[in-house]
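# Inside the fold
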Amino acid sequence: MEEVIDTSFFEKETEEEKKSQKTASISNDINGVYSFRQLGSLATFVEPINGESSIDVLIDIFTKDESIDVVPIEEYDRVVGFFDRNLFNKITSSAWKRFMAKEVISYVTKVSIVFYAHDYIEKIMDRVIDFNQKHGIQFFPVFSNRAFYGFFSLEDFLQRYLKIREQDMQKAKSVQQNLLPDPQCVEKLPFRTTIWNRMANEVGGDFYVAQPISDTKSVVACFDVSGKNIAAALITIAVGTFFKDTIKSSNPNLSPKAYTSLLDQYLCNVVPVGNF
């Protein structure tokens, strides 16, 4: 008779080991899989607890680990809401409320909106703000496919959004400033020229050109696009592109009137009707 050895005892993982591996795996993902603009890079993972658990479970969690301020709450194996430390302090300070509803889920406002780790923060801004204003929700779950990936707070979300906007504005400023004339080029003009420029914001509608167009001719021009915003800055980039490329390839004997007419035609082609 062949002897059969049951190896399941040696292979079986404890629940704590599984949770530990799951947490480590998600932490690794959060640290590098998603870009700065995606929710996955903003998400924080805390092991969820079952909504049928008692307040005593939360007392144990919040008491033992002061670094935890939010605990995800599951219902039917899916995170549906959050229990934060402020709510915990409020409820546990009242013994009457504590005994009226012992299950954690009874205190949780369910979050019906779904966000994913691959979502881009700028694209979901309106949905997050709208849901917060309608329901007062401060914490939102993040999923990867159907699995709970982590959560983010409204405060962290807004801070990240502003940081992204700030980075974009700095890049736009760099592009716009790069289109302005090189100071050395201005010094080489056949006449003394002094130019000073300071935008009201990071980018704007102020722009100038100073460059030679032939051995005997140079062009010096300034522009002020209406508005002090991104749209105005984009028009200045179009103007800068025109002077960097079009004038160099044009007939240097053209009059200022002819150049102005060429610029007008160029802007009509690149700017949608009705924008300015």
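See the structure above.
Now for a description of the structure that goes with this document. Residue indices follow the written sequence of each chain, beginning from 1 at its first position. Where local features are concerned, this predicted model is filtered to residues with pLDDT of at least 70; where side-chain atom pairs are given and counted, the filter is 80 or more; whole-chain, interface and lining totals use all residues. Calculation of side-chain values draws on the structure's entire complement of heavy atoms; hydrogens and water are dropped beforehand.

Here we take up the overall build of the chain. Looking only at helices and strands, the chain has 10 helices and eight strands in total. Split into buried and exposed, the 276 residues of the chain put 36% on the buried side. The contacts in the chain between residues at least 6 apart in sequence include a share of 62% that link residues at least 24 apart. With residues, only the protein chains shown are counted as cover, and all accessible areas are computed by Shrake-Rupley using a 1.4 Å probe. Total accessible area on the chain stands at roughly 18000 Å², and carbon and sulfur atoms take up 51% of it. Only DSSP runs of H or I with at least four residues qualify as helices, and only runs of E with at least two residues qualify as strands; both kinds are numbered from the N terminus onward. Each residue gets one of three labels from its accessible area relative to the maximum for its type: buried under 20%, exposed over 50%, partly exposed in between, using a 1.4 Å probe on protein chains only. Contacts: residue pairs with any heavy atoms within 4.5 Å of one another.

This part takes up the sheet that holds strand 2 (residues 70-75). A pair of strands is treated as paired once DSSP finds two or more bridges between them. Taking strand neighbours across the sheet as the criterion, the three strands line up as 1-2-3 in an open arrangement whose pairing is mixed. Edge positions in the open sheet fall to strand 1 (49-50) and strand 3 (78-84), since each of these has one partner strand only. Pairing analysis gives two bridges linking strand 1 to strand 2, with the strands arranged parallel. When the sheet's bridge partners are listed, Ile49 is paired in strand 2 with Ile73.

Working convention: axes come from line fits to C-alpha atoms, limited for helices to the stretch in contact. Angles between N-to-C directions cover 0 to 180 degrees. The interhelical angle for the contact between helix 3 (residues 55-64) and helix 4 (residues 85-92), taken along N-to-C directions, is 125 degrees, at an axis separation of 11 Å. One way to sum up the angle between helix 3 and helix 4 is to call them oblique. In the packing of helix 3 onto helix 4, the handedness of the crossing is left-handed. Across from Ile55, Leu58, Ile59 and Phe62 in helix 3, the residues of helix 4 making contact are Arg85, Phe88 and Thr92. Here the residues of the contact of helix 3 with helix 4 sort into five nonpolar, one polar and one charged. Each angle receives one of four descriptions, namely roughly parallel if under 35 degrees, roughly antiparallel if over 145, roughly perpendicular if within 65 to 115, and oblique otherwise. A clockwise turn of the near helix away from the far one marks a right-handed crossing, whereas an anticlockwise turn of less than a right angle marks a left-handed crossing. Each residue gets one label: Ala, Val, Leu, Ile, Met, Phe, Trp, Tyr, Cys and Pro are nonpolar, Asp, Glu, Lys and Arg are charged, and the others, such as Gly, are polar.

Two rings from Phe, Tyr or Trp (for Trp, the six-membered ring) form a pair when their centres are within 6.5 Å of each other. A pair whose planes differ by under 30 degrees is stacked, one over 60 is edge-to-face, and the rest are tilted. Applying the stated criterion across every chain, the model contains 14 aromatic pairs. Seen in terms of ring centroids, Phe83 and Tyr107 are 6.2 Å apart; in terms of plane orientation they differ by 80 degrees. Their pairing is edge-to-face. Taken together, the residues span a long stretch of sequence, with Phe83 in strand 3 and Tyr107 in the loop between helix 5 (95-100) and strand 4 (115-116) at a distance of 24 residues. A relative accessible area of 0% places Phe83 in the buried class. Plain terms: the ring middles of Phe143 and Phe148 are 6.3 Å apart, the flat faces sit at 75 degrees to each other, and that makes the pair edge-to-face.

With respect to the element layout, Gln38 can be found in the loop between helix 2 (15-32) and strand 1. On the basis of relative accessibility, which here comes to 10%, the residue Gln38 falls in the buried class. In this structure Gln38 touches Ala117, His118, Asp119, Tyr120, Ile121 and Arg160, once residues within four positions along its chain are discounted.

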